[in-house]
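Report on the structure
Residue-level listing of the chains:
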Amino acid sequence: MTLLKHFLLVLIVGSIAIGCSSKSSSQKENKNVVLGKLELSNGWARPASQGQNGAVYLTIANGTASDDTLLNVQSDAADRAELHESYKDENSTVGMRPVDRQPIPESEKLLLKPGGLHIMLMNLKRDIAVGDSVSVSLEFAQVGTRTLQVPVKIQE
Amino acid sequence: MSNNSFTPTLQALCTALLLSLAILACSKPETIKDLSDASYKLLNTDSSTVDFPQDYKGNISVVSFIYTHCPDVCPVITANMKNIQSGLEDTSDIQFIEISFDPQRDTPQVLKEYKKFFQLNSQFSLLTGEPAPVDSLLSQLNIVAKKIQPDSLQQDSSKYDMIHSNKIYLMDKAGKIRAEYPASNVPPKNVIEDIQKLR
Ligand SMILES: [Cu+2]
């Protein structure tokens, strides 16, 4: 009997622990950060037509020995580019808002991904279709400005 | 309590639990909203008038709500609709409907572009319309959409973002809404399972 009680208790505590630990809201992780440099990878943009808004996603891995900060974003494909985040409010409606500079501690990653942080391209100057590429520049406090070309893709 | 008296109680409890789970798994979703007699005149991407939901009766519809100036969440919803479509072995009696809650900017032509850019096939209907019928349909379906003006662009009234509901509805062949899901993050298999129950 006590054994059974204990077993049930372990089961309950265990499932609570699992339930809590699987809820990872953090945008940052430190797996596979290449040491010695700040690396931009997995970049892509959504397709959109001229005059619409676009979004760019990528992973920023800070492998340098110092903390860095993403200060600003830019793209020649749009009138303006801003760092945004999508959010859900308590009524389970969704929206997005501009966000401030994003710190990226040493040997950590910052993920820009669908439904979360994104580079918003406002008022596109041209159509960007699947197969095209888009140039984006990211300004960091430590390593300066990095420019990259990202392919236009459809989200899987 | 002795071991003997506890075990039968536990057994009964487990049996009851399993039974109720089995019933839950087999039961068809209840009607959330009955639109079977409703009629909303909306516009298709070729500017032709459609009667929602009358024109869609006879098929099961997966219905979501978007605005095309939305670069992040709405494409996630669209991607999820596509994943539901590709997860179905047989899509012959299923249609996918995305209704714009921004008819001011989402003209049939704009929705046509969106459909093309996101490579949505002919099973997808992207609908807009005059503000009046669109608004009355949205309120009937408890879909909220609110414009927000970014401070920096106050002068230009055509530049706004929207805070909006995040819902996918499943509508049966008779035009009754039978299930609702969080649009951007429902696992496609949950919707597919319910579709099978309604077939
Ligand atoms: Cu945005």
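This text goes with the structure placed above it.
What comes next is a walk through the structure. Since this is a predicted model, take the numbers as computed values, not measurements. (Residues numbered from 1 in each chain as written. Chains lettered and ligands numbered in written order. Predicted model: local features only at pLDDT ≥ 70, side-chain atom pairs only at ≥ 80, totals over all residues. Heavy atoms only, no water.)

Before going further, it helps to examine the overall build of chain A. Scanning chain A from terminus to terminus reveals one helix and 11 strands. Put simply, chain A runs from its N terminus to its C terminus through helices and strands in the order α-β-β-β-β-β-β-β-β-β-β-β. The proportion of buried residues among the 156 residues of chain A is 43%. Contacts in chain A between residues far apart in sequence, at least 24 positions, make up 69% of those at least 6 positions apart. (Helix = DSSP H or I, 4+ residues; strand = E, 2+ residues; numbered from the N terminus. Buried < 20%, exposed > 50% of the residue type's maximum accessible area, 1.4 Å probe, protein only. Contact = heavy atoms within 4.5 Å.)

What follows deals with the interface of chain A and chain B. At the interface, 36 residues of chain A touch 33 residues of chain B. A combined buried area of about 2,600 Å² lies between chain A and chain B, and 60% of that area is made up of carbon and sulfur atoms. Here chain A is connected to chain B by nine residue pairs in polar contact (both at pLDDT 80 or more). Secondary-structure elements contributing two or more residues to the side of chain A that touches chain B are strand E3 (54–62), strand E5 (78–88), strand E6 (93–98) and strand E9 (117–124) of chain A. A breakdown of the residues in the side of chain A that touches chain B according to their chemical character gives 15 nonpolar, 14 polar and seven charged. When E6(A) meets strand E8 (residues 161–165) of chain B, the two strands line up antiparallel, connected through two bridges. Considered in E8(B), the bridge of A:Thr93 is made with B:Ser165. (Buried area = accessible area lost by both parts, 1.4 Å probe. Polar contact = N/O pair within 3.5 Å; in protein donor to acceptor, adjacent residues only side chain to side chain. Nonpolar A, V, L, I, M, F, W, Y, C, P; charged D, E, K, R; others polar. Pairing = 2+ DSSP bridges.)

Residues and elements named next belong to chain B. By the definition in use, this model includes nine salt bridges over all chains. Notably, a salt bridge pairs lysine 41 with aspartate 51, separated by 3.5 Å at the nearest N-O pair. Placement of the pair is lysine 41 in strand E2 (residues 40–43) and aspartate 51 in strand E3 (residues 49–52), with a sequence separation of 10 residues. Among the residues examined, lysine 41 registers a relative accessible area of 48% and is labelled partly exposed. Of the charged contacts, one joins arginine 105 and aspartate 102 as a salt bridge, the two residues approaching to 2.8 Å between their closest N and O atoms. Side by side, arginine 105 and aspartate 102 carry an identical accessibility label, which is buried. The structure contains a network of salt bridges with shared partners spanning Asp93, Lys173 and Arg199. (Salt bridge = Lys/Arg side-chain N within 4 Å of Asp/Glu carboxyl O.)

A few words on the coordination of the copper ion. For a metal bound by four donors in tetrahedral geometry, the ideal donor-metal-donor angle is 109.5 degrees, whereas six donors in octahedral geometry ideally sit at 90 or 180 degrees. Residues and elements named next belong to chain A. All of the protein donors around the copper ion are His84 (ND1), Met96 (SD), His118 (NE2) and Met120 (SD); their distances to the metal are 2.2 to 2.5 Å. Each donor residue of the copper ion belongs to the same chain, with the gaps between them written as H-x11-M-x21-H-x1-M. The residues histidine 118 and methionine 120 share a single accessibility class, namely buried. (Donors = N, O, S within 2.8 Å, 3.2 Å for Na, K, Ca; no water.)

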